[in-house]
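Below, each chain spelled out in residue letters.
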Amino acid sequence: MQGPEEKKRPGKHAAPPEQEAQDDVLRADADLYGDEADIPIRPRKKAPSGGKPGAKKGRKPAAKGKKGKKKKRASLAARLAALNAKPGFRKRRKMFEVVRSDDDARVGTILVFGRRLSLKLLIALAAAVVAVALVFMNNANIAVREESVAVVGLPDDLEDFQLLVISDLNGRRFGDEQSSLLRAINNLDYDALFFLGDMVGAGGDPEPFYELLDGLSTTNNVYFICGDSDPGPYVETPRNITGTLSQMVLEDWILGAIERGATYVDSPVCLTVGESDLWISPATLMNMEAGELLSTWQSQMEQEEEGVLAGLQTDYNALPITSYRQRIAQNFYNALSSMGEGDFFLALSHQPPSDDFIYASASHSSEDGRYLPEPELILAGHYCGGVWRLPVVGAFYIPDNSLDRNGWFPAQEDVEGLSTVGETQVYITGGLSTNADVPVMFFRLFNQPEISLLTLTATLPESMILEE
């Protein structure tokens, strides 16, 4: 045995001291950069069993049977569970995810892009979106309402005469350059077209109305009147130009419509059909005495002419409009002497006249030629079908204080369609847009925009024939 002070000698296979120092350096480098044991060894791919030598190597066949699939799914689920268990791991959010309430296991909320929303709120929002879409589609589609108007003693030349009635465009567009509206109009056969006012509306933009006139297949027998929301009909200050009286006093949009072939009806106009005459007049003249009206404007015009000669600026500005009104009265007076007993009289009114107004017209005697005869038919608009309509109930309000309850819950025949007052029939078209008198109703609800095609006939319907 060796003593404690005796040093151990290196063995037979021990490395010399210089070699041990070099090994220490290599081990330090291995700790820093790793060694070959840390590098994964890529296994060699084995050729498929039964394959020929030198054949192209294929993929390793998948495990056969359900057992291999179950193991694969189980391993994938285990990995996902391990990832979810790691702290700080953020699970990918679903676009929509139903979250059940803890109390009664019913569906309580829904995660939308990671935000918790009440299911009731989501259903309400979806219903609102659907309602808006339906309202938009309803307001964009145009209905053609066709109806026959039976007239006792209708001249033979006017049998099946068709009147196309349009009202209350209010500057709206239906399609590019009114393409949708023009498609509906130009596909119809009609003999005369009547625009019953508020075609321009309070906005004052005449271009939508011009686009409609320019796109008509024909401008023959096209008539229009001014509505309560339209600008004018007269300018505030007459134009200082050299031209016709109409060019001096009428609003630009009226002159533009006249230039496009439409006839502005502010006094009686005669349309000859075969050997029969159809007289078209504004309803405002129905209860006016022609001689008295002419005398009033004639006297006013003479006074203003004297004022102009005296240098009065107010009379200078007022004289053109007074002269134009005197011309209307003169045309009115002349038309009465030209009307025959068998002629058909049609009155145009933007706002439907009251029953008292129509009965007053029937009380006048036309034998002395001072009043217009009682019209066979009055065409009107303005109400726009009540704008908002309720299922079953219909329109619940129209802006007319002359009606019972000041227009609340009116009789539906007072809102639109054909009705009879005395010997006169009144047709109210549903129109295309909304009523400016009720700004709250800025869209139509359960009320499709419409144009009306009326066919005149002497054949009475069965409901008007009395049983003997």
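Residues numbered from 1 in each chain as written. Predicted model: local features only at pLDDT ≥ 70, side-chain atom pairs only at ≥ 80, totals over all residues. Heavy atoms only, no water.

Caption draft 1: View of the pattern of salt bridges. Per the stated rule, a full pass over the model turns up seven salt bridges. Between R173 and E211 there is a salt bridge, and its shortest N-O distance comes to 3.0 Å. Taken together, the residues span a long stretch of sequence, with R173 in the loop between β5 (162-166) and α4 (179-186) and E211 in helix α5 (residues 207-214) at a distance of 38 residues. Linking D214 and R260 is a salt bridge whose minimum nitrogen-to-oxygen distance equals 3.3 Å. Taken as a pair, D214 in helix α5 and R260 in the loop between α7 (252-259) and β8 (263-264) lie far apart in primary sequence, 46 residues in all. (Salt bridge = Lys/Arg side-chain N within 4 Å of Asp/Glu carboxyl O. Helix = DSSP H or I, 4+ residues; strand = E, 2+ residues; numbered from the N terminus.)

Caption draft 2: Local environment of the sheet that holds strand β17 (residues 450-457). Ordered by their spatial adjacency, six strands build an open sheet running β4-β17-β5-β6-β7-β8, and the pairing between neighbours is mixed. Only two strands of the sheet have a single neighbouring strand rather than two, namely β4 (143-150) and β8. Where strand β7 (residues 222-224) and β8 come together, two bridges link them in parallel fashion. If you follow F224 over to β8, its bridge partner there is Y264. Docked against the sheet, α7 engages β7 and β8, running at close to 170° with respect to β7. (Pairing = 2+ DSSP bridges. Contact = heavy atoms within 4.5 Å. Axes fitted to C-alpha atoms, helices over the stretch in contact; angles between N-to-C directions.)

Caption draft 3: Inspection of the side chain of D266 at higher detail. Note that D266 resides in the loop between β8 and β9 (269-273). Looking at D266, its side chain comes within polar contact range of the side chain of Y324, at 2.6 Å. (Polar contact = N/O pair within 3.5 Å; in protein donor to acceptor, adjacent residues only side chain to side chain.)

Caption draft 4: Spatial organisation of the sheet that holds strand β10 (residues 276-282). Strand order across the open sheet formed by six strands is β9-β10-β11-β12-β16-β15, with mixed pairing between neighbours. Lying at the two open borders of the sheet, with one neighbouring strand each, are β9 and β15 (417-421). Within this sheet the neighbouring strands show an average axis-to-axis angle of 25°, counted without direction. Alignment of β15 against strand β16 (residues 424-428), held across five bridges, turns out to be antiparallel.

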